[in-house]
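A closer look at the structure
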Amino acid sequence: MQTSRYDTSGRWYKGNVHLHSTASDGGRTFAEIAAMYAGAGYHFLFRTDHWVASDVAADPAEYPLLWLDGIELDGEDHGGSRYHVVCLGKVAGLSRDMGLVAAMEAARAQGAFLVLAHPTWMGNSQDDATRYGFDAVEAYNHVCRWLNGKGDAFVYWQMMLDRFPETLGLAVDDAHIRPEHPGWNGGWIMINAPELSPESVRAALRAGNYYSSCGPEFSTIECDGTQVTVETSPVQFARLVGPGWSGQREGSFEGSLLAAATFEIPPNWAYAYLEIEDAQGRRAWTNPLLRKNSDDTASKA
Ligand SMILES: [Zn+2]
Ligand SMILES: [Zn+2]
């Protein structure tokens, strides 16, 4: 039984789930990062420094937005494949010495949400992407776009969806905010929740009740299980994306901009998500619109 993933009856909150501070190789302190992002309309950020498990509760400072805990792991698995993996959640006891795979397993055992980070930039294979039951993949990484144009990983996400139709997509900054890595506020998520709290952010993330964006906005995402209707900022195209060549679209190369779209989701598609594209070519995308059932939050591992 498939039901809609989305409940957009709450408020939208803007956040970023991948960034680095002076706790690892970032150029800014948590206070500086929080001030910059709050000024850009953000409500929450995750701390994901390299091999530094953050502990927001132990930080007495006051910030203009909500901080949440995380860590970024990296290393080789037993077959020699190299990964970067962002773990969202409060974890402890992880160190490089234990190796990547044991650290991922320990993070998952502590309830972390595991994200395959920038697979295009890593040169990961399709098998790499589907090997560890990742909860989500960075479909867009802003710093990797800056570094060598390898910020997009939609093809990995689509290959993961073919095998695991519950896999979630993300847009992230991976901000370091140093002269050689200057980018930030280029890829973000908008969660929908009744209120802003650590619990509501984590629940929306886990449920996939968010969309990812590099510019355009969804104001509503309404889906009854067979039909989806969205209201958006002005966009040139809206597309329902399905497996292989399956797709539906509205908009035109010459026509006026859209601010709403409706699609019927074919029952035989293994997955369907909706993307919008503005006149500058910037995209925003939903997660897979349908999920197995409303209380299935189990991981695929
Ligand atoms: Zn990384
Ligand atoms: Zn990173």
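Above: the structure in question.
Quick summary incoming for the structure in this document. Owing to the predicted nature of the structure, the values given are computational and were not obtained by experimental measurement.

So, the coordination of the zinc ion (ligand 1)
Those donors, Glu72 (OE), His84 (ND1) and His118 (NE2), are the protein atoms that reach the zinc ion (ligand 1), and they lie 2.1 to 2.2 Å from it. The sequence pattern describing where the donors of the zinc ion (ligand 1) fall on their chain is E-x11-H-x33-H. A gap of 3.5 Å separates the zinc ion (ligand 1) and the zinc ion (ligand 2), which Glu72 links by coordinating each metal. Here His118 lies in the loop between β7 (113-116) and α3 (119-122) and His84 lies in strand β6 (residues 82-88), a separation of 34 residues in the sequence. The burial state of His84 is the same as that of His118; both residues are buried.

So, the packing of aromatic side chains
Across all of its chains, the model carries 14 aromatic pairs by this definition. Ring geometry for Tyr63 and Trp67: centres 6.1 Å apart, planes at 80 degrees, overall edge-to-face. Residue classification places Trp67 among the buried positions, given a relative accessible area of 5%. Plain terms: the ring middles of Tyr83 and Tyr132 are 5.5 Å apart, the flat faces sit at 75 degrees to each other, and that makes the pair edge-to-face. Within this pair, whereas Tyr83 is found in strand β6, its partner Tyr132 is found in the loop between α4 (126-130) and β8 (136-141), the two being separated by 49 residues in sequence. For the pair formed by Tyr83 and Tyr132, the shared burial category is buried. Three or more aromatic residues joined by ring pairs make a cluster, and in this case those are Trp12, Tyr211 and Phe218. When the ring centre of Phe154 is taken as reference, the NZ or CZ atom of Arg283 above it lies at 4.3 Å.

Observations concerning the pairing of β8
Among the six residues in β8, six count as buried, and that is most of the element. For β8 and strand β9 (residues 168-172), the ladder comprises five bridges, and the chain directions are parallel. Each bridged residue has a counterpart across the sheet, and for Val137 the counterpart in β9 is Gly169.

Topic: the coordination of the zinc ion (ligand 2)
Reference geometry at the metal: tetrahedral coordination by four donors gives ideal angles of 109.5 degrees; octahedral coordination by six donors gives 90 or 180 degrees. At the metal site, the zinc ion (ligand 2) is ligated by His18 (NE2), His20 (NE2), Glu72 (OE) and Asp174 (OD), and these contacts range over 2.0 to 2.2 Å. In this structure, the zinc ion (ligand 2) is surrounded by four donor atoms whose angles at the metal cover 79 to 165 degrees, and the resulting shape is irregular. Read in sequence order, the donor residues for the zinc ion (ligand 2) give the motif H-x1-H-x51-E-x101-D.

Comments concerning the side chain of Glu138
Counting through the fold element by element, Glu138 comes out in strand β8. One buried charged side chain, Glu138, makes no salt bridge at all; its nearest oppositely charged neighbour is Arg145, positioned 14 Å away. Only 2.5 Å separates the side chain of Glu138 from the side chain of His18, close enough to count as a polar contact. Here His118 takes part through its backbone nitrogen, which lies 2.9 Å from a polar atom of the side chain of Glu138. The residues contacting Glu138, other than those within four sequence positions of it, are His18, Val86, Val115, Leu116, Ala117, His118, Pro119, Ala153, Leu170 and Val172.

Some thoughts on the pattern of salt bridges
With the rule as written, the count across this model stands at 13 salt bridges. Of the charged contacts in the structure, one is a salt bridge between Glu166 and Arg5, with a shortest N-O distance of 3.4 Å. Residue Glu166 is located in the loop between α6 (154-163) and β9, and its partner Arg5 is located in the loop between β1 (3-4) and β2 (11-16); the two are separated by 161 residues in the primary sequence. Accessibility expressed as a relative area gives 15% for Glu166, which makes it buried. With a shortest N-O distance of 3.0 Å, Glu275 and Arg283 are connected by a salt bridge.

Focus: the sheet that holds strand β15 (residues 247-251)
With mixed pairing, nine strands are arranged side by side in an open sheet as β4-β3-β2-β10-β11-β18-β17-β14-β15. Edge positions in the sheet fall to β4 (66-68) and β15, since each of these pairs with one other strand and no more. The mean inter-strand angle of the sheet, taken between neighbouring strand axes irrespective of direction, is 20 degrees. Across the sheet, helix α1 (residues 30-39) lies against β2, β3 (44-46) and β4, angled at about 125 degrees from β4, the strand it touches most. Relative to the sheet, helix α7 (residues 198-207) contacts β3, β4, β10 (188-193) and β11 (210-213), its axis offset from that of β10 by approximately 110 degrees.

Digging into the environment of Ala270
Among the structural elements, Ala270 can be located in the loop between β16 (258-264) and β17 (273-277). Judged by its relative accessible area of 42%, Ala270 is partly exposed. With 28 residues separating them in the primary sequence, Ala270 and Gly242 have C-alpha atoms 7.4 Å apart. Residues contacting Ala270, with those up to four places away along its chain left out, are Pro165 and Pro243.

About the cut-offs
Counting restarts for each chain: residues are numbered from 1 in the order of the written sequence. Both sets of labels track the order of writing: A upward for chains, 1 upward for ligands. Selection of residues for local features in this predicted model requires a pLDDT of at least 70, selection of side-chain atom pairs for listing and counting requires 80 or more, and totals for whole chains, interfaces and linings are taken over all residues. Water and hydrogen atoms were dropped before computing side-chain values, which therefore reflect all heavy atoms in the structure. Only nitrogen, oxygen and sulfur atoms within 2.8 Å of the metal, or 3.2 Å for Na, K and Ca, are treated as donors, and water is left out, so sites may look incomplete. Numbering goes from the N terminus for both helices and strands, where a helix is a DSSP run of H or I of at least four residues and a strand is a run of E of at least two. Only protein chains enter the accessibility calculation, which uses a 1.4 Å probe; a residue whose area is less than 20% of its type maximum is buried, one above 50% is exposed, and one in between is partly exposed. Within 6.5 Å between ring centres, the rings of Phe, Tyr and Trp (the latter by its six-membered ring) count as paired, and their orientation is classed by plane angle as stacked under 30 degrees, edge-to-face over 60, tilted in between. Throughout this description, the term charge over a ring refers to an Arg CZ or Lys NZ atom that lies within 6 Å of the ring centre and within 35 degrees of the ring normal. DSSP bridges decide pairing: two strands pair if at least two such bridges lie between them. Tetrahedral means four donors with every angle between 85 and 135 degrees, whereas square planar (four donors) and octahedral (six donors) require angles over 155 degrees between opposite donors and between 65 and 115 for all others; sites fitting neither are termed irregular. Only four residue types enter the tally: Lys and Arg on the positive side, Asp and Glu on the negative side; His and the chain ends are excluded. Between Lys or Arg on one side and Asp or Glu on the other, a salt bridge is scored when a side-chain nitrogen of the former is within 4 Å of a carboxyl oxygen of the latter. Between N or O atoms, a polar contact is any pair within 3.5 Å; within protein, one atom must be a potential hydrogen donor and the other a potential acceptor, and residues adjacent in sequence are included only when both atoms are from side chains. Contacts are residue-level and defined by heavy atoms, with any inter-residue pair within 4.5 Å sufficient. For helices, the fitted line uses only the C-alpha atoms of the stretch in contact; every axis is such a line through C-alpha atoms, and the angle between N-to-C directions lies from 0 to 180 degrees.

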